[in-house]
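# Structural features, examined
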Amino acid sequence: MMDRIKELPDSVKRKIAAGEVVEGPFSVVKELIENSLDAESTEIDVEIYESGLKKIQVRDNGSGMFRDDLPSAIREHTTSKIENFTDIERVATYGFRGEALSSISSISKLTIYTRSSEEERGAKLTSVDGSVEMHDYAGAAGTMIIVENLFFNVPARKKFLRARKTELRKVRETFLRIALANPDVSFSLSIDGRRQVTLPAAADSAGRIQQIYGDDILERLSFERIQDIKIELSGYLSMPDLMKPSRSMQVLYVNRRPVEYRYLGFLLSRAYEAMAAQGHPVAFLFLTIDPELVDINVHPAKREVKFFDQKYIDDCIIHLSQKAVNRVHRVRDNLIKPGGDQFAVSALSEGEGSSSSSEEGAGMSLFEHDGRSYGMRSFLKDVSELYSAAQGEPWRLLGIIYNRYILVEDARALLIIDFHAAHERFIFDILMQGTLAVETQDLVFPVVLELSLDEHPVAMDCLALLREIGFDIEEFSDNSVVIRGIPVLGRGMDVELFFHEVLDALKSEQDMQARIQERIFEKVACHSAKRSGDELTDEDVLLIIRETRSGAHELRCPHGRPYVYAIERNDLERIFKRS
Ligand code: ADP
Ligand code: MG
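The sections below set out a description of the structure shown in this document. (Residues numbered from 1 in each chain as written. Chains lettered and ligands numbered in written order. Predicted model: local features only at pLDDT ≥ 70, side-chain atom pairs only at ≥ 80, totals over all residues. Heavy atoms only, no water.)

Further remarks concern the site of ligand 1. The environment of ligand 1 is made up of 19 residues, and the closest members are N35, T79, S80, K81 and G98. Between ligand 1 and the protein, one listed contact pairs an oxygen atom with a side-chain N or O atom of N35 at 2.8 Å. Between D60 and ligand 1, the recorded distance is 2.8 Å, taken from a side-chain N or O atom to a nitrogen atom. Looking at the shell around ligand 1, the elements with two or more residues in it are α2 (25-38) and α4 (100-106). Here the residues of the shell around ligand 1 sort into six nonpolar, nine polar and four charged. (Near = heavy atom within 4 Å. Polar contact = N/O pair within 3.5 Å; in protein donor to acceptor, adjacent residues only side chain to side chain. Helix = DSSP H or I, 4+ residues; strand = E, 2+ residues; numbered from the N terminus. Nonpolar A, V, L, I, M, F, W, Y, C, P; charged D, E, K, R; others polar.)

Written out as structure tokens, the structure reads:
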């Protein structure tokens, strides 16, 4: 039999509502920092203990609250930011619904210290499980909010939280995203009593981006801006050599609020399509728009937005990205104009990465004729040896073209093998089998790597795995690691570049050990594989051809690019009308 309809007790209603606003510790951090920003703070210090589950503390030097207002701050739907419903259409503040503090107080122990700059005496409020206490407080003007034992009375929610590390990562990400949009405010973040991030006030977004992502990134981003009556859209966008394996560095800020705009990644991909580069561009986009033309009230945590004229905004985003893309094309044009030939030659010998020592050799042939080897440089020290080694093979080596492709003829087809990509696949497969003996080669000069703020936690997560496959690596200081040895396999790799790429790739993986391992192996493979410009030994060439033809491997490199192209003999016969 069905029960009668009855109203839920207030405490239950509030816990239900709280679940929508507070998904995890990161939501609390977001709400509290936003409140501090709304209070026009210029300094915001955040402290996190045990991923925020034990304690989250946010202290600011903002306007503070009036003593008499303090008790209402934690009641539902109490706000100082709007007065009626139409105000919502033009809010310039982060908050307006007045539900954050009330929600948080219903699922934690909440303590607020605050003093308005206009009052002599401040107040302290503690609230736990519905009982509220007020005391005097004699501190500096501003507010400090402490949230302890989050979800202590919502065990179900606690169960659904991800691993501690993941929750902490989300906290850091939330913190950095908000900090990025407010460069004029100084921020700090401490984790378990250790100061981890210090961001002094910066002159502009560029300064803040540099503080967060390191010194080099700005050179690889181009700043673009478009403006018209309704909007201003500006942003820092990737040059084509800065592509990331995930979309984690694509953010749209709408009136300084980081939002999830589900079409952003798609729009950016479309604009960068022409670059034909792998991966996703970086884009920090700042949209300033009349608040009446956007609805930020569509998501409980205000993470999503709806634009009044979505098509128009989409066009603006594409237009802005294309400006960045075109800028790059213009540089290319200049390069080709006067000495077109010269460009063509260097384009042919362009390596794929940075490891190339000297790449003057434009195409080369393996053929020896009259004792001389053709091509500007010989990759194979002893060609005759190779030919004898290859004797009895059911194929014939024809040569290497464009410094990159091995040409092989067999009974059925002409094979063109991209040796770098092929090598990558074979190394990757060996690593995945786990049968490779781990051998470390000491570096003559240990490499100390400075880590940017967003790289550090990821680096800590992968140290153990890197050691397992032969890296001699350890934490060096708060923001660096030292690498003293690398796997013998990776001899000659650019350690620094390798490591930054690993971190980049891992940033998008969430604690899945298997995927992390794969990602690391991909990078090891990529950096250990022979590239255009490297010296190939006989064994390298033999190995690549034999493995390619063995049928034991996928015919794509670990990133998905094909490495072999076959022109079938039958097709040739058809083309030349011989069949
Ligand atoms: P909202 O931000 O939507 O108004 P909140 O529940 O987050 O709702 O906060 C309630 C009210 O408490 C705010 O409107 C503001 O007046 C006050 N408040 C909260 N945090 C601060 C702070 N750090 N400094 C000053 N006032 C604050
Ligand atoms: Mg708020």
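Two elements in contact, α2 and helix α6 (residues 164-181), have axes separated by 8 Å at closest approach and are oriented at 20°. The angle between α2 and α6 places the two elements in the roughly parallel class. Seen along the crossing, α2 lies across α6 with a hand that is right-handed. Every residue of α6 that contacts α2 at P25, F26, V29, K30, I33, E34 and L37 is listed here: E167, K170, V171, T174, F175 and I178. (Axes fitted to C-alpha atoms, helices over the stretch in contact; angles between N-to-C directions. Parallel < 35°, antiparallel > 145°, perpendicular 65-115°, else oblique. Left-handed = near helix turned anticlockwise from the far one by under 90°. Contact = heavy atoms within 4.5 Å.)

Further remarks concern the sheet that holds strand β21 (residues 405-410). Taken in spatial order, the four strands make up an open sheet running β20-β21-β22-β26, and their pairing is antiparallel. The sheet is open, and its two edges are formed by β20 (395-401) and β26 (564-568), each paired on a single side. Each neighbouring strand pair of the sheet contributes to a mean axis angle of 20°, computed without reference to strand direction. Note: β20 against β21, six bridges, orientation antiparallel. (Pairing = 2+ DSSP bridges.)

So, on to the pattern of salt bridges. A complete count under the given rule lists 20 salt bridges for this structure. In this structure, D184 engages R256 in a salt bridge whose closest nitrogen and oxygen atoms are separated by 3.8 Å. With D184 in the loop between α6 and β7 (186-191) and R256 in the loop between β12 (250-254) and β13 (257-259), the pair connects residues that are 72 residues apart, well separated along the chain. Note on D184: relative accessible area 43%, which makes it partly exposed. Taking relative accessible area as the criterion, R256 reaches 38% and is therefore assigned partly exposed. Residues R396 and E409 are paired through a salt bridge, measuring 2.9 Å at the closest nitrogen-oxygen approach. Taken together, the positions of R396 in strand β20 and E409 in strand β21 put the pair 13 residues apart, joining distant regions of the chain. Take R396: its relative accessible area is 47%, and that puts it in the partly exposed class. (Salt bridge = Lys/Arg side-chain N within 4 Å of Asp/Glu carboxyl O. Buried < 20%, exposed > 50% of the residue type's maximum accessible area, 1.4 Å probe, protein only.)

Time to look at a nonpolar patch on the surface. Side chains of L8, V12 and I16 sit close together on the surface and give an oily, nonpolar patch of about 240 Å² of accessible area. The class of V12 is partly exposed, set by a relative accessible area of 33%. (Patch = residues over 30% accessible without salt bridge, like charges linked within 9 Å, V, L, I, M, F, W, Y side chains within 5 Å. Areas by Shrake-Rupley, 256 points an atom, 1.4 Å probe, with all protein chains shown as cover.)

What follows covers the sheet that holds strand β2 (residues 55-60). As summarised here, the arrangement of the eight strands in space is β5-β4-β3-β6-β2-β1-β7-β8, forming an open sheet in which the pairing is mixed. One side of each edge strand has no neighbouring strand; the edge strands of this open sheet are β5 (131-137) and β8 (194-199). The sheet shows a mean angle of 10° between the axes of neighbouring strands, taken without regard to direction. Pairing of strand β1 (residues 43-49) with β2 involves six bridges; the strand directions are antiparallel. When the bridges of β2 are listed, Y49 appears paired with K55. Contacts between α2 and the sheet are confined to β1, β2, β6 (142-148) and β7, with β2 contributing the most and set at about 10° to the helix.

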